[in-house]
Amino acid sequence: MAAPIDIGGLRIVHYPAPVLRRVCKPVETFDEQLERLIARMFELMRSGNGVGLAAPQVGVELRLFVCNHTGEPGDDRAVINPEFGDPEGVAVMEEGCLSLPNVTIAVRRPEKITLRGRDGSGEPFEVRAGELQARVWQHETDHLDGRMITDYMSEAAKIANRRALKQLHDEYKGGKKRKTA
Ligand code: NI
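Q: Got a sec to walk through the pattern of salt bridges? Specific residues and values, please.
A: Within the structure shown, the criterion is met by 16 salt bridges. A salt bridge links Arg46 to Asp76; its shortest N-O distance comes to 2.5 Å. Residue Arg46 is found in helix H1 (residues 32–47), and its partner Asp76 is found in the loop between strand E2 (64–67) and strand E3 (77–95); the two are separated by 30 residues along the sequence. For Asp76, a relative accessible area of 29% translates into the label partly exposed. Between Glu88 and Arg128 there is a salt bridge, with its nearest N and O atoms 2.6 Å apart. Taken together, the residues Glu88 in strand E3 and Arg128 in strand E5 (residues 124–130) connect sequence positions 40 residues apart. The partly exposed category is assigned to Glu88, whose relative accessible area is 43%. Relative accessible area serves as the criterion here: at 35%, Arg128 is assigned to the partly exposed category.

Structure (structure tokens):
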């Protein structure tokens, strides 16, 4: 049985929360709690107008993300224990992140990729895509290995995002102080 999670209490955590730097554990139990976790993650992704959200971004250290690159309900996809194959080409695109408000960073990634994983009920699947879909899959899978877009910053991006990152550090410190007061 999976450890119980307070699903309703989950919120999006911001950089530099340490949970965003952990390597997440594979999902082993496909149960009702996992379904509720996925539903809650879609809810939080939508309320933040995001195209993807990974479990560590809500404080859960499991290899799982949700995504939707168009905003159409039919394009919702939950991906459990993702793996990649057959990368093709290279593309650079500006990326943002729900855990990094007001930060955008140009990231170089394979343009096209095959994604293998399981859906919310544990069924294995394999899909291949390029452009924004491939971009989102790779960005979210980075989260599961404790990687964030800040790891791809050029010197110019460091300067452009310095203020926003400092503000996030200050907010994180302030939040910790409030909690311990
Ligand atoms: Ni992100």
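Now that the structure is up, let's keep going.
Q: Please give an account of the packing of aromatic side chains that cites residues and values.
A: Taken as a whole and assessed by the stated rule, the structure comprises zero aromatic pairs. Its end group placed over the ring of Phe125, Arg77 keeps NZ or CZ at 5.0 Å from the ring centre.

Q: Would you mind going over the state of the cysteines in detail, with residue names and values included?
A: Disulfides are covalent bonds that link the sulfur atoms of two cysteine residues. Throughout the structure, instances matching the rule amount to zero disulfides. Take Cys24: it sits in no disulfide, and the sulfur closest to it among the cysteines is that of Cys97, at 13 Å. Classification of Cys24 by relative accessible area gives buried; the value is 5%. Considering cysteine sulfurs only, Cys97 is the nearest to Cys67, which forms no disulfide, with 14 Å between them.

Q: Account for H1, with residues named and values stated.
A: With 16 residues, H1 extends 23 Å between its outermost C-alpha atoms, agreeing within 8% with the 22 Å of an ideal straight helix rising 1.5 Å per residue. Of the residues making up H1, those classed as buried are Gln33, Leu34, Leu37, Ile38, Arg40, Met41, Phe42, Leu44 and Met45. Where H1 is buried, its residues contact strand E1 (52–54), E2 and E3. If you check the start of H1, you find a side-chain oxygen 3.3 Å away from the backbone N of Gln33, and it comes from Asp31.

Criteria and cut-off values
- Residues numbered from 1 in each chain as written.
- Predicted model: local features only at pLDDT ≥ 70, side-chain atom pairs only at ≥ 80, totals over all residues.
- Heavy atoms only, no water.
- Salt bridge = Lys/Arg side-chain N within 4 Å of Asp/Glu carboxyl O.
- Helix = DSSP H or I, 4+ residues; strand = E, 2+ residues; numbered from the N terminus.
- Buried < 20%, exposed > 50% of the residue type's maximum accessible area, 1.4 Å probe, protein only.
- Phe/Tyr/Trp six-rings, centres within 6.5 Å; stacked < 30°, edge-to-face > 60°.
- Lys NZ or Arg CZ within 6 Å of the ring centre and 35° of its normal.
- Disulfide = S-S within 2.5 Å.
- Expected span 1.5 Å × (residues − 1).
- Contact = heavy atoms within 4.5 Å.
- Polar contact = N/O pair within 3.5 Å; in protein donor to acceptor, adjacent residues only side chain to side chain.

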